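Take a look at the letters that make up each chain.
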Amino acid sequence: MDTSSPAAFVNGGLLRMHVGRKVRTVIQVTRSDAGSVMGKSTDGCQLVVRGSPPAPLTSYVEVIGVAENENSIRAELWTNFGDSFDASNYDQLCQLANGELKHLFL
Amino acid sequence: MPVNLTRNAIAMMNSGDVNSKPLVQVVDIKLIGNSQERYRFLLSDSESTQHAMLATQLNEQVRTGRVKKGSIIQLIDYICSTVQNRRIIVVLNMETIIPEYEIIGNPKLPTGSEPEANKSMPNNNLLEPSTRSTNNRYSAPAPANKAQSFQPTIQPAYQPPPNYKIQGPIMKNEAPARIIPIAALNPYQGRWAIKARVTAKGDLRRYNNARGDGKVFSFDLLDSDGGEIRVTCFNAVVDRFYNVIEVGKVYLISKGSLKPAQKNFNHLKNEWEIFLESNSTVELCPDEDGSIPRQQFSFRPITEIESAENNFILDVIGIVISVNPSVPILRKNGMETQRRILNLKDASGKSVELTLWGDFCNKEGQKLQEMVDSGLFPVLAVKAGKVNDFNGKSIGTISSTQLFIDPDCPEAQGLRAWFESGGRNTASISISKELMPGGSKNEIRKTLTQIKDEGLGRSDKPDWVTAKATVVFIKTDNFCYTACPLMIGDRQCNKKVTQSGNKRWLCDRCNQEFEECDYRYLLQVQIQDHTGLTWVTAFQEAGEEILGCSAKEMYLLKYELQDDTRFGEIIRSRLFHQYLFRLKIKEELYGDEQRVKITVVKVDKVNYSAESRYLLDMVTKNFPNRKQF
């Protein structure tokens, strides 16, 4: 398993802490264009993900890429997460991964 | 016409032959006994004579003159026994062949009026004590009875009955015995008398054993101190008392023998049982004795029955909430009987299933059905019901059970009051179904090593926990059993059935045979989590969830189609799936050792969303400053 460049679990609010670094998050797709996707993060923020999304795209998608700024990510890897997803669990995970349990992640 | 009596009939009878049905002549008939009408015949076979007592059921024949002095009779049923060196014969059934006939031959008559001697005369003639001093002790002796007492009479004419017997092993005091409480009775008591009410009267039963035919009946007594005891009579004693004893009446009883109670049949709280004999006395007390209750119960609340042992006998009272129709059941001896299932509810918040057998179905069962059908909820009191632990705990009737509909007792009144003021609408939990306490709200989650470390299952109630684990091994030998498909009420019997020749199956519980049996899982599975692994047993529903197909399909695949390849594929495909197992943990005795047995009660697929929440909760709950997410 390649652990050389780990991606930090982020939601909308935590993205700004990792600008310029590799991040991963799950968004609920609201709009999908040729070169970018707009979606809602698990804590309700609007995020823009640039890149080539897979076709077809399910409601929820995980993106791994580099944080451009506090509300946009340049995606390298897209994974369809299906049409039902528990956003609150994921959100809690993000908070733990950046808070008390940070030492377990990065 | 010349009549030939059976040669040597007397000698044959005296040597114990009870099967010959000889033809004999009645040489003499004497009325014996002052409180009971007993006849004593002198029978002759034309050469020898022998005294024989007539069983009371035949008294009519003497009274109407169907048999008289000189009659030629055939002895059909009679018993011979020896008591203190004398032959006693009792005629139980006979037929008069010729009502009048001159004395045949020259039968040797017994010598009369001699003191009671123990030496046997050449022809075993019974000595004829002249019978002035008669009382009930002179009645027909029961064959097995050793406490025979014959009055010694020395003078022929009127003599007041001697109060002291000089013959026999014991000196008997004839003064009437004191009335003592039933609870004080014991075999070493000496003279005793009890005054008690009959609470139950058993049926007259005939039996046949190595010693021949016999009959027996029992009745139960209750006295004013609440003491209870069973009284049993055999053979000739049955004749004396069967029609005298009536349920509900009070009697003064004395001179019976005390023996240990037969706990298999006698469920009264007394270690002794009374056996009445020929010298026993039973006197009806006509004046109503209000100090003696009609019936004594010790009711247990239904909730206590839950922890009662299998086969325990107890009393219970409850409101009848449902009555099922009677169904015929084939018993082991080939006889058909009826069975009905009812449900009783009481103020403990629990309900219990009551099974009525035989006559109870048609009598009390039918009445209860009619009452419930017309919207009533009667109170039913059960005396001496038996606990059955096949499925939860239920109660069944036995031969000595008594049922009382709407009895007039304080407990019934209390129950009725509770029912009318809200008890009617409170839901009650049945103890007759295997209970799984705790819904999803109070599930206790454990890891597999915690089961052993915390000693789960060792208390007297089983422990119910949930564990998340993965199936790692499924035992393929004996993975299912042949089950009874018949319905009992609203659920399937499911007891293991045995083959009864030519492709038929027999269920012991339902007592029925059928062609097709059901197949149900009895899986031994090994499950593992991050802490360890353990063996568990999974029954039908859990088995189907784990294997993903029915036991019948797997059975056919393995044993009928013998497709081991496909069978093995299915098994392998079901390994390494993770589930949430609801487990029932209980320590049980296997031979000599205590082993913890874990049964899978329910198998649920892991719901990732819910499980994640659970895990997140577990992670965060121990943080010092718990953040609100």
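Structure first, text after, so check above.
This structure is a prediction, so every number in the text was calculated from the model and none was measured.

A. A look at the overall build of chain A. Helix and strand content of chain A: two helices and six strands. Secondary structure elements in chain A, listed N-terminal to C-terminal, are β-β-β-β-β-β-α-α. When each of the 106 residues of chain A is scored for burial, the buried share is 41%. Taking as baseline every contact in chain A between residues at least 6 positions apart, the subset at least 24 positions apart corresponds to 51%. Carbon and sulfur atoms make up 52% of the accessible area of chain A, which totals about 5,500 Å².

B. Geometry of the overall build of chain B. Helix and strand counts for chain B stand at eleven helices and 30 strands. Burial statistics for chain B: of 629 residues in total, 47% are counted as buried. Taking the contacts inside chain B whose residues are at least 6 apart along the sequence as the reference set, 62% of them involve residues at least 24 apart. Total accessible area computed for chain B in this model is approximately 33,000 Å², and 50% of it derives from carbon and sulfur atoms.

C. Geometry of the nonpolar core. Residues and elements named next belong to chain B. Within the largest apolar cluster, 45 residues are counted, with the highest numbers of intra-cluster contacts made by Val471, Ile474, Met554, Phe581 and Leu583. For this core, the leading source of residues is strand β19 (residues 463-474), giving five residues. Apart from residues lying up to four places away in sequence, Met554 is in contact with Phe479, Tyr521, Leu547, Cys549, Phe567, Ile570 and Ile571. One finds Trp192, Val237, Ile245 and Tyr251 within the second-largest nonpolar core, a separate group that totals 24 residues.

D. Structural context of the sheet that holds β19 of chain B. Residue and element names in this part refer to chain B. The mixed closed barrel is built from five strands, whose spatial order is β19-β27-β28-β30-β29. This sheet shows a mean twist of 55 degrees between the axes of neighbouring strands, independent of strand direction. In terms of strand pairing, β19 meets strand β29 (residues 578-590) through eight bridges, oriented antiparallel. If you follow Val465 over to β29, its bridge partner there is Leu583. Where helix α8 (residues 540-547) meets the sheet, its contacts fall on β19, β27 (523-528), β28 (533-538), β29 and β30 (593-605), and the angle it forms with β30 comes to roughly 60 degrees.

E. Spatial organisation of the state of the cysteines. Residue and element names in this part refer to chain B. Enumeration according to the criterion identifies zero disulfides over all chains in this entry. Cysteine Cys480 is unpaired, with the sulfur of Cys517 as its nearest cysteine sulfur at 8.8 Å. A relative accessible area of 15% places Cys480 in the buried class.

F. Representation of helix α11 (residues 608-620) of chain B in the model. The terminal C-alpha atoms of α11 of chain B, which comprises 13 residues, lie 18 Å apart, in line with the 18 Å expected from a rise of 1.5 Å per residue. Among the residues making up α11 of chain B, those that are buried are Glu611, Leu616 and Thr620 of chain B. Seen end-on, α11 of chain B carries its buried residues on one side only, within an arc spanning 160 degrees. Looking at the buried residues of α11 of chain B, the elements they touch are α1 (87-98) of chain A together with β19 and β29 of chain B. The distance from a side-chain oxygen at the start of α11 of chain B to the backbone nitrogen of Ser609 of chain B is 3.0 Å, and the residue carrying that oxygen is Asn607 of chain B.

G. Quick peek at the sheet that holds strand β25 (residues 512-514) of chain B. Residue and element names in this part refer to chain B. Within the open sheet, the three strands sit side by side as β23-β24-β25. Their pairing is antiparallel. Edge positions in the open sheet fall to β23 (498-499) and β25, since each of these has one partner strand only. Summarising the sheet, strand β24 (residues 505-507) and β25 pair through three bridges and their orientation is antiparallel. Across the sheet, the residue bridging to Leu506 is Glu513, located in β25.

H. Structural view of the packing of α1 of chain A against α11 of chain B. It is the contact of α1 of chain A with α11 of chain B, at a shortest axis distance of 10 Å, that shows an interaxial angle of 30 degrees. Classified by the angle between their axes, α1 of chain A and α11 of chain B sit roughly parallel to one another. Considering only the axes of α1 of chain A and α11 of chain B, their crossing is left-handed. Facing α1 of chain A, whose interface residues are Asn89, Gln92, Leu93 and Leu96 of chain A, α11 of chain B presents Ser609, Ser612, Arg613, Leu616, Val619 and Thr620 of chain B.

I. Highlighting the interface of chain A and chain B. Taken together, the eight residues of chain A in the interface contact ten residues of chain B. Summing the contributions of chain A and of chain B, the shared interface buries around 820 Å²; its carbon and sulfur component is 62%. Linking chain A with chain B are one salt bridge. Taking the shortest distance from any N to any O, the salt bridge between Asp86 of chain A and Arg613 of chain B comes out at 3.0 Å. Our count for the chain A to chain B interface comes out at three residue pairs in polar contact (both at pLDDT 80 or more). Residue composition of the side of chain A that touches chain B, by class: three nonpolar, three polar and two charged.

J. Spotlight on the packing of aromatic side chains. Residues and elements named next belong to chain B. In the structure shown here, the tally under the stated rule is 20 aromatic pairs over all chains. Arranged with centres 5.2 Å apart and planes meeting at 55 degrees, the rings of Phe377 and Phe419 form a pair that is tilted. A residue pair is termed long-range when its members are at least 10 positions apart, and Phe377 in the loop between α5 (359-373) and β16 (379-388) and Phe419 in helix α6 (residues 410-420) qualify at 42 residues. The exposure class assigned to Phe377 is partly exposed, which follows from its relative accessible area of 24%.

K. View of α6 of chain B. Residue and element names in this part refer to chain B. Taken together, the buried positions of α6 are occupied by Ala412, Leu415, Trp418 and Phe419. Taken down its axis, α6 places every buried residue within 125 degrees of arc, on the same side. Summarising the contacts, the buried residues of α6 are in contact with β12 (313-323), β14 (336-345) and β16.

L. Just the pattern of salt bridges, in detail. Residues and elements named next belong to chain B. By the definition in use, this model includes 29 salt bridges over all chains. Across the pair Lys249 and Glu246 runs a salt bridge, and its minimum N-O distance is 2.7 Å. Of the charged contacts in the structure, one is a salt bridge between Glu420 and Arg416, with a shortest N-O distance of 3.4 Å. With Glu420 and Arg416 both in helix α6, this residue pair falls four residues apart, about one helical turn. On the accessibility criterion, Glu420 (48% relative accessible area) is partly exposed. What makes Arg416 partly exposed here is its relative accessible area of 26%. Residues participating in the shared-partner salt-bridge network are Asp406, Arg416, Glu420 and Arg424.

Each value, and the rule that gives it
Residues numbered from 1 in each chain as written. Chains lettered and ligands numbered in written order. Predicted model: local features only at pLDDT ≥ 70, side-chain atom pairs only at ≥ 80, totals over all residues. Heavy atoms only, no water. Helix = DSSP H or I, 4+ residues; strand = E, 2+ residues; numbered from the N terminus. Buried < 20%, exposed > 50% of the residue type's maximum accessible area, 1.4 Å probe, protein only. Contact = heavy atoms within 4.5 Å. Areas by Shrake-Rupley, 256 points an atom, 1.4 Å probe, with all protein chains shown as cover. Core = buried A, V, L, I, M, F, W, Y, C linked by side-chain atoms within 4.5 Å. Pairing = 2+ DSSP bridges. Axes fitted to C-alpha atoms, helices over the stretch in contact; angles between N-to-C directions. Disulfide = S-S within 2.5 Å. Expected span 1.5 Å × (residues − 1). Arc of directions from axis to C-beta. Polar contact = N/O pair within 3.5 Å; in protein donor to acceptor, adjacent residues only side chain to side chain. Parallel < 35°, antiparallel > 145°, perpendicular 65-115°, else oblique. Left-handed = near helix turned anticlockwise from the far one by under 90°. Buried area = accessible area lost by both parts, 1.4 Å probe. Salt bridge = Lys/Arg side-chain N within 4 Å of Asp/Glu carboxyl O. Nonpolar A, V, L, I, M, F, W, Y, C, P; charged D, E, K, R; others polar. Phe/Tyr/Trp six-rings, centres within 6.5 Å; stacked < 30°, edge-to-face > 60°.

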